[in-house]
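Tertiary structure, described
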Amino acid sequence: MLKFDIAIQRQVITANLDDFSPNAMLPNVHGGQYGMTPQKWRTDVISLTCGMLAAELIEPLPGMEAYHGKHFEKIREILQHGDAENGFDVDLTWNVIHFYGTKKLHDLLEKLQLDSWEAIHDELSPSLGNILAEMHVVYF
């Protein structure tokens, strides 16, 4: 589980506003996918993704890849090892699978007035951190 910080807050806000692939997540954490420690970055992306899936804050986009509706543990396995069933190695999977924010995420961020692109520049929200911690997405 990750510690709640500004990078996670920005990712949560972004997840509410636009669909995204794992490769687009947490670009400033450990230098992102092209940083000095890409495996640490991948581990953190998987942790946040699966935490948000388990809390029903994001879902895989419906589509031909058939990830929509899969349990978060199956998504974890796919992100760690690839998707042999669909013929995608792990690197391709990180580009193919996309997620979007659920109504639950939208309602949460709307309540906290963090539901706009401008909110990306807001200071760290202890209220959001506490709520995400209660959902076991992060610790705060």
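Now for a look at the structure at hand.

Conventions adopted
Residues numbered from 1 in each chain as written. Predicted model: local features only at pLDDT ≥ 70, side-chain atom pairs only at ≥ 80, totals over all residues. Heavy atoms only, no water. Helix = DSSP H or I, 4+ residues; strand = E, 2+ residues; numbered from the N terminus. Expected span 1.5 Å × (residues − 1). Polar contact = N/O pair within 3.5 Å; in protein donor to acceptor, adjacent residues only side chain to side chain. Buried < 20%, exposed > 50% of the residue type's maximum accessible area, 1.4 Å probe, protein only. Contact = heavy atoms within 4.5 Å. Lys, Arg positive; Asp, Glu negative; His and termini not counted. Salt bridge = Lys/Arg side-chain N within 4 Å of Asp/Glu carboxyl O.

With twelve residues, helix 1 (residues 6–17) ought to run about 16 Å at 1.5 Å a step, and its terminal C-alpha atoms sit 17 Å apart, in line with that. Capping of helix 1 at its N-terminal end is provided by D5; its side-chain oxygen lies 3.1 Å from the backbone amide nitrogen of A7.

This part is about the environment of D44. Mapped onto the secondary structure, D44 falls in helix 2 (residues 38–54). For D44, a relative accessible area of 16% corresponds to the buried category. Placed 33 residues apart in sequence, D44 and E77 show a C-alpha to C-alpha distance of 14 Å. If near-sequence neighbours (up to four positions away) are discounted, D44 is found in contact with L2, L26, V29 and H30.

The next thing to look at is the side chain of D83. Along the chain, D83 falls in the loop between helix 3 (72–81) and helix 4 (90–96). K74 provides the closest opposite charge to the buried, salt-bridge-free D83, at an N-O distance of 5.9 Å. With near-sequence residues (within four places) excluded, D83 lies in contact with Y67, I78, F88 and T93.

The next subject is the pattern of salt bridges. Summed over all chains, the structure comprises four salt bridges. The residue K103 makes a salt bridge to D107 at a minimum N-O spacing of 2.9 Å. Linking K103 with D107, this pair stays in helix 5 (residues 103–111), spanning four residues, or about one helical turn. Classification of K103 by relative accessible area gives exposed; the value is 60%. On the accessibility criterion, D107 (31% relative accessible area) is partly exposed.

Coordinates in, geometry out; function isn't part of it.
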